[in-house]
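Tertiary structure, described
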Amino acid sequence: MVLKCILMRTIRIHKYSLMPLPLAGSFGRSTRPLTCATTRAGNRVSRCFWGAWSIGLLSLLAIVVPVTVSAEAARLVTIGGAVTETVFALGAGDQVVAVDTSSTYPQAAVSRPKVGYARTLAAEGILAMRPDHVLAAEHAGPEAVFEQLRAAGVAVTLVPDPRSVNDTVSMIETLATLLGRPDRAQALVRELLIALRGLPSIGGEPRDVIVVIGGQGGQIMVAGRGTAADAMLTLVGARNAASAFRGYRPVGDEALLRLAPQAVVVPDHALRTLGGLDRLRGQPGFVSLAADQFVVLDSLLLLGMGPRLGEAAERLATALAPAPAMATP
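All values derive from a computational prediction rather than experimental measurement.

Criteria and thresholds
Residues numbered from 1 in each chain as written. Predicted model: local features only at pLDDT ≥ 70, side-chain atom pairs only at ≥ 80, totals over all residues. Heavy atoms only, no water. Buried < 20%, exposed > 50% of the residue type's maximum accessible area, 1.4 Å probe, protein only. Helix = DSSP H or I, 4+ residues; strand = E, 2+ residues; numbered from the N terminus. Pairing = 2+ DSSP bridges. Contact = heavy atoms within 4.5 Å. Salt bridge = Lys/Arg side-chain N within 4 Å of Asp/Glu carboxyl O. Axes fitted to C-alpha atoms, helices over the stretch in contact; angles between N-to-C directions.

Burial analysis of strand β11 (residues 263-267) places five of its five residues in the buried class, the great majority of the element. Alignment of β11 against strand β12 (residues 294-297), held across four bridges, turns out to be parallel. Across the sheet, residue P267 finds its bridge partner in β12, namely L297.

For the rest of this paragraph, the subject is helix α11 (residues 228-235). Among the eight residues in α11, six count as buried, and that is most of the element. Along α11, the residues classified as buried are A228, A229, D230, A231, M232 and L233. Contact partners of the buried residues in α11: β7 (208-216), β8 (219-223), β9 (239-240), β10 (248-251), α15 (299-303) and α16 (309-320). Backbone geometry just downstream of α11 places G237 in the positive-phi region, at approximately 90°.

Now for the pattern of salt bridges. As enumerated under the stated definition, the model contains five salt bridges in all. Between E147 and R150 there is a salt bridge; the shortest N-O distance is 3.0 Å. Of this pair, E147 and R150 both sit in helix α8 (residues 143-151), separated by three residues, roughly a single helical turn. A residue is classified by how much of its surface remains accessible, and R150, at 2% relative accessible area, is buried. It is possible to trace a salt-bridge network through shared partners that takes in E143, E147 and R150.

Attention shifts here to the sheet that holds strand β4 (residues 96-99). Pairing in this open sheet of four strands is parallel, and the strands run β4-β3-β5-β6 from one edge to the other. The open sheet terminates on both sides in strands that have one partner only, identified here as β4 and β6 (155-159). Direction aside, neighbouring strands of the sheet carry axes that sit 20° apart on average. Bridge count between strand β5 (residues 133-137) and β6: five bridges; the pairing is parallel. By the bridge assignment for β6, H133 is matched with A155. Here helix α5 (residues 81-89) sits on the sheet and contacts β3 (76-79), β4, β5 and β6; the angle it forms with β3, its principal contact strand, is near 135°. Each of β5 and β6 touches α8; the most contacted strand, β6, lies at about 145° to it.

Here is the structure:
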């Protein structure tokens, strides 16, 4: 009974005086300073004291009181297409009350209220959704917004952006743990790995491919190494012709000619900003490429590296495979 009372007191302090403990311990982003309070009798009681007193029981709490966000009452805001897609794939879509504008899959997510673009969020719009927990991709921000949310008592978890198959599996398992859905995570990971084992071979010497993700000022933006686009090309056995630089970089006509790609991959959102496929094919560095050497894929499918990674890799590998040779009459 004594232990039960101590635990109950510690949980109350943890809930109202500290940010959610598992997030603070696991992700290092959810703690905030403790303040002091005054009791009704006027005796000054330091929350700092209670916080320090309770820290000694943290390891015990981690064992005795498993904490997740899976309760039906938990209202979630998900930010980042891959994060939102994963939460829905794990069967927790009913808890999602709002998403950001990059969350374009599944259709049920598209119909949710929007809180803005992942990289230019505002705390007011998110708080208006009355969330208990915000699950956001690591690239989301600005960070000051998340600090405001934590100060308002909203739990925030930032999930690293996947850049490999292992990263995708880790994201699925991390979110499944938070949502209390480990069985569903196992099924998703199993389906993903089976799909990747069955990838079609693009055959022969790796093809030099570039991924165009946009354009500005007469130049086009190309994905270099260390990007999701680069990881996708490597996964299907292609070679990133723009691997000489890291991240994303605008390149002009001369640079495109030096890259000499044998195929061009374009996410559909970028194609719209570039004025369509015909205009892209008109670039001096691309005029020698045939129409079937341009591959257009859904942006989130290609670059999200979420639960549909196996499907994305299969589509990309199939599109980059050389056309079968015509039989000689």
